[in-house]
Amino acid sequence: MNLNKPGKEHTRSYYAASVNEVTAYPQLTDHRSVDICVVGAGFTGVATALTLAERGFSVALLEANRVGWGASGRNGGQMINGVSGLAKIRKRHGDSIADILWDMKWRGNDIIRERIQKYNIQCDLKDGFLEVAPKASQIAYFDEYAEERRRHDFSHEYEIWDREKTRAMLGTDAFHGGFLCKRDGHLHPLNLCIGEARAAHDLGVQIFEQSPVTGIEHGSRPRVATGQGSVEAKAVILAGNAYSQLEPEHLSNLVFPAGSYIIATEPLSDDVIEEINPLDVAVCDANEVVDYFRLSADKRLLFGGACNYSGREPDSIQSYIRPRMLRVYPRLKDVRIDFEWGGKIGIVLNRIPALGRINDNVYYCQGYSGHGVCPTHLMGEIMSDAIAGTLERFDLFANIKHFRLPGSQWIGNQIIALGMLYYKIKDRIGR
Ligand SMILES: Cc1cc2nc3c(=O)[nH]c(=O)nc-3n(C[C@H](O)[C@H](O)[C@H](O)COP(=O)(O)OP(=O)(O)OC[C@H]3O[C@@H](n4cnc5c(N)ncnc54)[C@H](O)[C@@H]3O)c2cc1C
């Protein structure tokens, strides 16, 4: 890493082209002393810093590039309940923790909604997420979702759609049905991340961009170093996720970066919108390797998917993703693609986010396996609770043993790619 070279600017995405604020926080060039130092300004880092600042801690937030530069500023913007792996935690602990898990499932959504309101963050939030079934067998999931909501007296709107209704509402015959939930939704993720960082800054969080952390000196007050400065704190939180290479002795080969890619069309006419998504809901399929799409505030179709687990970048994102979009919407064949971009998802083998402590005062959370918009916010709260001494939810995750693949990360990625090939084939069968 060249320490004199500034970090990178945002990738050329639709989001970067439509930000509310171009951030320009300073580089760290001196020595600071705070209660908590957070490394990485994606949702995990920013949400944690904001929660800690709300609770009166002094916080420094160090970002290698720009606020929201990683997956948080590039994702599909689908605000979906749940945390991947919760079902495995439930299996381990049984019914005694069913209510805690149900609350955790929705807590990330609630935090986001509370913050948008409290800090007046303009990020195009829309209610409504529709999970769709490319295979007839997946319809059974939707009955389970409805049953779960009935059990918990769910007060928000939800509906199971049959094939006819799905065809009528999405203007495609690609799906056998869908499950609509209005407590979920979609938003402009980069504007949310930047808005939360602004709120944190207003509460006193010291934010530094273009300040990659190069190492941590452990001790009773750990010291985090960048090329030109350092921060000493009571505790450190590592939130670099799939982009981080810090603490390899403890964290390497735990999270595997996988590429996911998105294209954004030109703005679509009102007639086309009326045919393909008049309710303006986010849509994601129920496959293992998902495709997802939604409309932006200026009526572009943002279509993403095709996770690449091997670590090899596609030669052209558009030629990788556009055929998938045309399978769902052949009528868009003449529509111009204005933006194409990709980002790294952090995959964990057992799909449970890797939350834990390297020692008493260095925490980490990473690996949301492609589903992080809401879970990052939950984890920020859980880590903030742990720092203040409340460990109940923290321990549910921290006590999970994560398997670290032997060998280099490249080998790990090839093993995962091979494993995922099985699921990709399974997704294709029975359409
Ligand atoms: C294309 C794509 C689409 C997705 N779609 C969705 C979706 O629709 N819904 C959903 O729920 N999830 C989605 N996800 C997943 C979701 O975006 C992530 O789970 C989530 O944003 C992870 O947030 P994070 O803060 O942990 O990591 P990131 O957002 O990746 O942030 C990590 C930050 O740490 C910084 N960093 C790393 N190392 C250092 C260092 N040494 N020093 C300082 N800074 C450092 C990086 O520069 C980066 O800014 C998608 C992901 C991708 C890539």
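First, a word on scope: everything that follows refers to the structure included in this document. Just so we're clear, the structure is a prediction, and the values are computed from it rather than from any experiment.

### A few points about the pairing of strand β6 (residues 178-186)
- Burial analysis of β6 places eight of its nine residues in the buried class, which makes it a mostly covered element.
- Alignment of strand β3 (residues 78-79) against β6, held across two bridges, turns out to be antiparallel. Across the sheet, M79 pairs through a bridge with G185, a residue of β6.
- Of the pairings in the sheet, the one linking strand β4 (residues 126-132) to β6 comprises six bridges and is antiparallel in character. Following the sheet pairing, E131 is matched in β6 by F179.
- Bridge count for strand β5 (residues 158-161) against β6 is four bridges, and the pairing is antiparallel. For E159, the partnering residue across the bridge sits in β6 and is L180.

### Some details on the environment of S244
- Inspection of the secondary structure puts S244 in the loop between β10 (230-238) and α7 (248-251).
- For S244, a count of 23 C-beta atoms within 10 Å translates into the label buried.
- In this structure, the C-alpha to C-alpha distance between S244 and Q366, residues 122 residues apart in sequence, is 9.5 Å.
- In contact with S244, other than residues within four places in its own chain, are G40 and L238.

Calculation criteria
Residues numbered from 1 in each chain as written. Predicted model: local features only at pLDDT ≥ 70, side-chain atom pairs only at ≥ 80, totals over all residues. Buried ≥ 20, exposed ≤ 12 C-beta atoms within 10 Å, placed from the backbone. Helix = DSSP H or I, 4+ residues; strand = E, 2+ residues; numbered from the N terminus. Pairing = 2+ DSSP bridges. Contact = placed C-beta atoms within 7 Å.

Structural measurements only, silent on function.
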